[in-house]
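# Summary of the model geometry
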Amino acid sequence: MSSSTSRVGSENVVGKQFDRCFADTIVKVGIGFSVGVVASVLLFKRRQWPIMLSTGFGAGFAINDCDRQFNPARVPGTRIVHPDTLPQAQ
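All of the points below concern the structure found in this document. Because the structure is a prediction, the values reported are computed rather than measured.

Helix and strand content of the protein chain: two helices and zero strands. Contacts in the protein chain between residues at least 24 apart in sequence constitute 49% of all its contacts with a sequence separation of at least 6. Carbon and sulfur atoms make up 62% of the accessible area of the protein chain, which amounts to about 7700 Å² in all.

Below, the structure written as C-alpha cells:
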C-alpha cells in the first residue's frame, strides 16, 4: 500500500531552491539592467554608470533573497528554538 504523503529527497529540495534562486537572479538583474538603460537614455545623457548601478542593485536584491531562501534563520524577526527547550504537552 502506498501512503498519501510521498517522500522528497533533500537533493530535490535544494535543486528546486537553487532553480528558483537562479531564475529570480536572472529576472532581477534583467529588470535592473532595463531600468538602468532607460534612466541612462532619458535622464543621464547616455552615461554608463546608471546601467551598472541599477544592475548591481538587481544583483544585490537577488543575492539577498537567495540568502534568505537557503538560510531562513537570517530573516529578521525569526527565532530558532531547540526542541529540548520546548514545553512538553501533557
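Let us keep going from here.
Another aspect to go through is a nonpolar patch on the surface. Where nonpolar side chains cluster on the molecular surface, the patch consists of Val 38, Val 41, Leu 42, Leu 43, Phe 44, Trp 49, Met 52, Leu 53, Phe 57 and Phe 61 and spans about 1100 Å² of accessible area. Those elements that place two or more of their residues in the nonpolar patch are α1 (10-42) and α2 (49-70). When residues in the nonpolar patch are grouped by element, the largest group, five residues, is from α2. Mapping Met 52 onto the fold places it in helix α2. For Met 52, a relative accessible area of 52% translates into the label exposed.

Right, let's talk about the packing of aromatic side chains for a bit. Summed over the entire model, instances satisfying the criterion amount to two aromatic pairs. For the ring pair Phe 18 and Phe 22, a centre distance of 6.4 Å and an interplane angle of 20 degrees mean the geometry is stacked. Of this pair, Phe 18 and Phe 22 both sit in helix α1, four residues apart, roughly one helical turn. Each member of the pair, Phe 18 as well as Phe 22, is classed as exposed. Plain terms: the ring middles of Phe 44 and Trp 49 are 4.7 Å apart, the flat faces sit at 55 degrees to each other, and that makes the pair tilted. Among the residues examined, Trp 49 registers a relative accessible area of 44% and is labelled partly exposed.

Rules used in this analysis
- Residues numbered from 1 in each chain as written.
- Predicted model: local features only at pLDDT ≥ 70, side-chain atom pairs only at ≥ 80, totals over all residues.
- Heavy atoms only, no water.
- Helix = DSSP H or I, 4+ residues; strand = E, 2+ residues; numbered from the N terminus.
- Contact = heavy atoms within 4.5 Å.
- Areas by Shrake-Rupley, 256 points an atom, 1.4 Å probe, with all protein chains shown as cover.
- Patch = residues over 30% accessible without salt bridge, like charges linked within 9 Å, V, L, I, M, F, W, Y side chains within 5 Å.
- Salt bridge = Lys/Arg side-chain N within 4 Å of Asp/Glu carboxyl O.
- Buried < 20%, exposed > 50% of the residue type's maximum accessible area, 1.4 Å probe, protein only.
- Phe/Tyr/Trp six-rings, centres within 6.5 Å; stacked < 30°, edge-to-face > 60°.

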